[in-house]
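Understanding the architecture of this molecule
The chain contents come next:
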Amino acid sequence: MSKSFASLAALFASVFVVGTSEYLVAGMLPEVGSDLQVTQGTAGQTVTAYALGVVIGGPVVTMATARLPRKGLALGLMLLFAAGSALSALAPTFGMLLAGRVISSLSHAAFLALALVMATSVVPEQRTGSAIAAVASGFTVATLLGVPLGSLLGHAAGWRAPFAVLTALTLAAVALLALVLPRQQAPTTSLRDELRVVTRKPVLLAIATTAVGFSGVAVVFTYIAPLLTRVAGFAPAAVSALLLAYGAGSFLGNLAAGKLTDKSMSATVRGVFGGLTGVLVTMPFAAAWQPTAVFAVLVLGLLATATIAPLQGLILRHAGAAPNLAVSVNVGAFNLGAAVGSALGGLLVAAGALRWTGLAGAVLSLTGLALTYLALPRTRTASSTDSAAVSTAA
């Protein structure tokens, strides 16, 4: 086993653990509410608090730790995550559970940003996209397996059990990272360098592309289950099977996008956004017939997370030697996009327009596509486009 493969595998496993935590509690709200004597709506605030911790706390933690050695920082962030998970498992009150979730969330964006940057440092430059996709796929697998399995465990053994298991898995991930990650010295760049990079126009455009583009997926996916049952007429069991297929497609699509990003970042990101726009605009019509609904869901799954590798790659290309804060902010932009898209989808559903959420998603994805031409201007060839991004970062 090569050292680079071992490092990527350890980072993948760690991202899987962190990704499982984000939405784990969402499937156990009745149990949490009953045990801690709060309403399910109040219990749901643990999800909101975690998301805010990622969006706001991630960049703050990244800035505060900008000059620390990379391997030690990775271990420290995972130990912070373990502490939050342990507090959640033992929380005697809702306030303590909320505190545990916030503590875990503070390491979320900072660790993911660090993991993506470290992943690109252990592979040749021409495999950057594949390395990003390999590590980021930990989140896809977390959504596909980690969250459902955690919820099943919570229903069977109580909501605290998944957090206890998560704590143990986090400590195992820390041991694995300590064993295989290469030592990396603290960055020579200063906090001022990181702030200068993240406020540059190309980086801000790339972050905006992430937030706007990913919100287009969230508008539809947040309410995909009621769309498939009410409009397409699928039984709940069939919807579960389709969502499983969606998750598998997301995993494959993410890895494929990583390979394509290695060849041409600009063509990949624009192709993905173009494909998303197409499938989203046809979703209201495809949902009217079950065979086309199945096809649309599978294509959406393939493309939904295929934006991760090219967009994170775009950030890294523009960020140059000071990428940590920019990547952390971009991680928050994915979460912000999910929150905005979910909220917009909720408004449409409340207005009786469940079937037409795809059109709103298509507008957002098309906007994301337009932003890519500002963030990464088109040139004669794909290679010259990507080279321009490198020179911009220099």
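None of the values given here were measured: they were computed from a predicted structure. (Residues numbered from 1 in each chain as written. Predicted model: local features only at pLDDT ≥ 70, side-chain atom pairs only at ≥ 80, totals over all residues. Heavy atoms only, no water.)

Brief notes about the packing of helix H12 (residues 236-263) against helix H14 (residues 290-304)
For any two helices packed against each other, one specifies the inter-axial angle together with the distance between the axes. It is at 6 Å that the axes of H12 and H14 come closest, and there the two elements cross at 35°. In terms of crossing hand, the pair formed by H12 and H14 is right-handed. Seen from H12, the contacting residues are Leu242, Ala245, Tyr246, Gly249, Ser250, Leu252 and Gly253; seen from H14, they are Val294, Val297, Leu298, Leu300, Gly301, Leu302 and Ala304. (Axes fitted to C-alpha atoms, helices over the stretch in contact; angles between N-to-C directions. Helix = DSSP H or I, 4+ residues; strand = E, 2+ residues; numbered from the N terminus. Left-handed = near helix turned anticlockwise from the far one by under 90°. Contact = heavy atoms within 4.5 Å.)

Focus on a nonpolar patch on the surface
Judged by side-chain polarity, Val281, Phe285, Trp356 and Leu359 come together as a nonpolar surface patch covering roughly 350 Å² of accessible area. In this structure leucine 359 comes out as partly exposed when scored by relative accessible area, which is 33%. (Patch = residues over 30% accessible without salt bridge, like charges linked within 9 Å, V, L, I, M, F, W, Y side chains within 5 Å. Areas by Shrake-Rupley, 256 points an atom, 1.4 Å probe, with all protein chains shown as cover. Salt bridge = Lys/Arg side-chain N within 4 Å of Asp/Glu carboxyl O. Buried < 20%, exposed > 50% of the residue type's maximum accessible area, 1.4 Å probe, protein only.)

Things to note about the packing of aromatic side chains
All told, the structure shown has 4 aromatic pairs when counted by the stated rule. Ring centres of tryptophan 159 and phenylalanine 163 lie 6.2 Å apart, and the angle between their planes is 80°; this geometry places the pair in the edge-to-face category. Look at phenylalanine 214 and phenylalanine 334: their rings are 5.2 Å apart centre to centre, the planes differ by 75°, and that puts the pair in the edge-to-face class. Of this pair, phenylalanine 214 sits in helix H10 (residues 201-221) while phenylalanine 334 sits in helix H16 (residues 324-350), and the two are 120 residues apart along the sequence. Overall, the relative accessible area of 11% leaves phenylalanine 334 in the buried class. (Phe/Tyr/Trp six-rings, centres within 6.5 Å; stacked < 30°, edge-to-face > 60°.)

Structural notes on the side chain of serine 4
Within the secondary structure, serine 4 is located in helix H1 (residues 3-24). Given the relative accessible area of 19%, serine 4 is considered buried. If we skip the residues at most four places from it in the chain, serine 4 touches Val122 and Val123.

Things to note about unusual backbone geometry
For glutamine 37, which is not glycine, the phi dihedral falls at a positive 60°. Checked against the element boundaries, glutamine 37 lands in the loop between helix H2 (29-36) and helix H3 (40-43). What makes glutamine 37 exposed here is its relative accessible area of 74%.

Section: the side chain of serine 365
Note that serine 365 resides in helix H17 (residues 357-375). Excluding residues within four positions of it along the chain, serine 365 makes contact with Gly213, Gly216, Phe273, Leu276, Thr277 and Leu280.

Thoughts on empty space enclosed by the protein
Taken as a whole, this structure holds 1 cavity of 30 Å³ or more when the rule is applied. There is about 60 Å³ of room inside the largest cavity. Forming the walls of the largest cavity are Thr62, Thr65, Arg70, Leu73, Leu77, Ala110, Ala113, Leu114 and Asn324. When contributions to the lining of the largest cavity are tallied by element, the ones reaching two or more residues are helix H5 (70-90) and helix H6 (94-121). Tallied by class, residues from the lining of the largest cavity come to 5 nonpolar, 3 polar and 1 charged. (1 Å grid on protein atoms, 1.4 Å probe; cavity = no way out; pocket = protein on both sides within 12 Å on 5 of 7 lines; lining within 4 Å. Points joined across faces, edges and corners; volume = space filled by probe spheres on them. Nonpolar A, V, L, I, M, F, W, Y, C, P; charged D, E, K, R; others polar.)

A look at the environment of glutamine 40
Of note, glutamine 40 is situated in helix H3. Separated by 14 residues in sequence, glutamine 40 and alanine 26 place their C-alpha atoms 9.8 Å apart. For glutamine 40, the contacting residues outside a window of four places in its chain are Leu29 and Pro30.

Examining the environment of leucine 8
Summarising the element assignment, leucine 8 is placed in helix H1. What makes leucine 8 buried here is its relative accessible area of 10%.

Quick word on H2
Among the residues making up H2, those that are buried are Leu29, Val32, Gly33 and Leu36. Along the long axis of H2, the arc covered by the buried residues comes to 95°, so they all point the same way. In this structure, the buried side of H2 is in contact with H3, H6 and helix H8 (160-180). Glutamine 37 lies just past H2 and shows a positive phi near 60°. (Arc of directions from axis to C-beta.)

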